[in-house]
Amino acid sequence: MRDEVWHRPIVLSLEGSNAQPLSIRAKALVFTDPVSCRLLTLIERLAPSEAPVMIIGETGTGKELVARHIHQLSGRKGPFLAVNCGAINDQLAESELFGHEAGSFTGATGRREGWFEAAQGGTLFLDEIGDLPLHLQVKLLRVLQEREVVRIGSRKPIPVDVRFVAATNVDLDAAVNAGHFRRDLLYRINIAQVHLPPLRERPGDILPLANHFIKQYSKRMNIGTAHLTSDAREALLAYAWPGNIRELENVIHFALLVAETSEVRPEHLKVKGGWGAESKPSQHWQEPLPKVVTSNDARSDPFADIARLLSVAFEQAQPDLFENFESLVVQEAFRYTRQNQVHSAALLGVTRNVMRTMLKRHGLLADGAEKAESKDDWRMVEG
């Protein structure tokens with residue numbers, strides 16, 4: 001019965017006019033699992049409205065694809081534009097979003113429209129919105145409220161008709177409490193919320209996605225269409241998929257490269273572990289991290305232990321206590337994630353920009369570390 005459902009899944013993919021995304025981590029999304037089917041129903045209900053939509057989900061789950069589908073179902077005639085807030089240069093971010101006039105700053109040799117103007121009549125998707133600097137959050141709030149932008153170097157407001165969709169993989173409520181995200185902006189963009197579950201929570205989508213990627217890569221590699229053996233299907237279903245859809249795509253691509261026949265068998269699939277295995281992305285393809293024991297009682301509350309140690313520090317009148325404590329937290333998070341900024345930020349519930357600032361402040365970020373990290377992340381996901 002389950003195999004019959006897999007024959008005709010609803011598939012969203014980046015093909016044709018969608019083949020060149022501005023910011024993408026998952027290239028296909030299916031709605032076969034009951035969880036995904038309910039999600040599709042919600043998307044179809046929200047799409048025709050003008051309400052801003054917040055998409056929440058882990059990296060690689062297909063947030064941009066959901067945003068594109070909302071745009072396609074909205075009836076809007078303008079373009080769909082995607083912007084990764086974490087990739088915008090801090091110095092040029094305001095110009096990128098809202099535009100500038102000629103001569104408004106050094107290097108502004110001509111007039112330029114921002115992303116809001118470019119998306120006129122369509123949909124603007126801001127991915128990783130939690131990474132947007134605070135001063136731009138104020139300006140973004142004004143644009144959303146007034147529905148107009150003012151270019152840098154101009155005093156003339158320009159009306160914009162744009163459907164706004166945002167996405168995040170961090171807890172924005174925690175970011176608000178930490179002072180890294182504006183509460184009024186969160187209220188403004190969080191009117192309609194779409195929770196995109198990780199792949200491990202919608203196992204009915206795994207095999208349809210695998211079959212989609214097999215067909216796609218078989219055509220691209222000019223080989224006959226391969227198929228999964230029953231053992232290979234079981235192996236895919238048993239894996240926790242910490243890298244979500246993007247990881248699944250890479251696993252299938254690798255399997256087709258090493259398979260000598262049209263059969264894809266378990267030994268061709270670069271996966272290990274199962275549903276009980278550690279699924280943190282920062283630990284994929286690595287040895288397990290050592291466990292830290294703070295008490296003989298397994299049920300010990302770590303925060304209670306920290307509070308007791310802080311009391312000792314208070315009694316001893318330790319100098320620069322807060323600075324040292326913050327440095328310790330940042331350092332240990334960075335060590336725990338093996339020097340990965342993205343995963344350290346997620347661990348502490350802050351944005352990547354905030355994490356990067358703290359790492360620099362405490363001397364934990366060496367020159368060129370960001371570039372090296374991005375390459376390591378790519379190798380980790382590619383396997």
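Criteria and cut-off values
Residues numbered from 1 in each chain as written. Predicted model: local features only at pLDDT ≥ 70, side-chain atom pairs only at ≥ 80, totals over all residues. Heavy atoms only, no water. Axes fitted to C-alpha atoms, helices over the stretch in contact; angles between N-to-C directions. Helix = DSSP H or I, 4+ residues; strand = E, 2+ residues; numbered from the N terminus. Parallel < 35°, antiparallel > 145°, perpendicular 65-115°, else oblique. Left-handed = near helix turned anticlockwise from the far one by under 90°. Contact = heavy atoms within 4.5 Å. Nonpolar A, V, L, I, M, F, W, Y, C, P; charged D, E, K, R; others polar. Patch = residues over 30% accessible without salt bridge, like charges linked within 9 Å, V, L, I, M, F, W, Y side chains within 5 Å. Areas by Shrake-Rupley, 256 points an atom, 1.4 Å probe, with all protein chains shown as cover. Salt bridge = Lys/Arg side-chain N within 4 Å of Asp/Glu carboxyl O. Core = buried A, V, L, I, M, F, W, Y, C linked by side-chain atoms within 4.5 Å. Buried < 20%, exposed > 50% of the residue type's maximum accessible area, 1.4 Å probe, protein only. pLDDT = per-residue confidence, 0-100. Pairing = 2+ DSSP bridges.

1. Looking at the packing of helix 2 (residues 34-46) against helix 3 (residues 63-74)
Here helix 2 crosses helix 3 at 45°, and the two axes come no closer than 9 Å. Taken together, the axes of helix 2 and helix 3 lie oblique to each other. Note that helix 2 runs across helix 3; the crossing there is right-handed. Contacts from Leu40, Ile43 and Glu44 of helix 2 reach helix 3 at Val66, His69, Ile70 and Leu73. Split by residue class, the contact of helix 2 with helix 3 holds 5 nonpolar, 1 polar and 1 charged.

2. Considerations on a nonpolar patch on the surface
On the surface, a cluster of nonpolar side chains totalling about 600 Å² of accessible area is made up of Phe303, Ile306, Phe325, Leu328, Val329, Leu347 and Leu348. Of all the secondary-structure elements, those providing two or more residues to the nonpolar patch are helix 12 (302-315), helix 13 (321-336) and helix 14 (341-348). Examining the composition of the nonpolar patch, we find that 3 residues originate from one element, helix 13, more than from any other.

3. With respect to the nonpolar core
Formed by 47 residues in total, the largest nonpolar core has its most connected members in Ile55, Leu236, Trp241 and Leu248. Among the elements that line this core, the one with the most residues is helix 9 (residues 206-220), at 7 residues. Sequence-distant contacts of Leu236, defined by excluding residues within four places in its chain, comprise Ile206, Leu207, Ala210, Leu228, Trp241, Leu248, Ile252 and Leu269. Judged by nonpolar contacts, the second largest core, of 32 residues, contains Ile88, Phe116, Val170 and Phe181.

4. Some words on the side chain of Ser95
Among the secondary structure elements, Ser95 is positioned in helix 4 (residues 93-98). Among the residues examined, Ser95 registers a relative accessible area of 5% and is labelled buried. Those residues in contact with Ser95 that lie beyond four places of it in its chain are His100, Phe105, Gly114 and Ile152.

5. Brief notes about the confidence of the model for the protein
Looking at the protein, the pLDDT average stands at 80 and 79% of residues meet or exceed 70. The weakest mean pLDDT in the protein belongs to helix 1 (residues 2-6) at 41; the strongest belongs to strand 3 (residues 53-56) at 96. Under a pLDDT of 50 for its full length, residues 16-24 has, in the predicted model, 20 contacts with residues more than four places off or in other chains.

6. Thoughts on the sheet that holds strand 5 (residues 123-127)
In space, the 5 strands of this open sheet follow the order 4-5-8-3-9, with parallel pairing throughout. Only two strands of the sheet have a single neighbouring strand rather than two, namely strand 4 (80-84) and strand 9 (192-195). Each neighbouring strand pair of the sheet contributes to a mean axis angle of 20°, computed without reference to strand direction. Relative to strand 8 (residues 163-168), strand 5 is paired through 4 bridges, and the arrangement is parallel. Across the sheet, the residue bridging to Thr123 is Arg163, located in strand 8.

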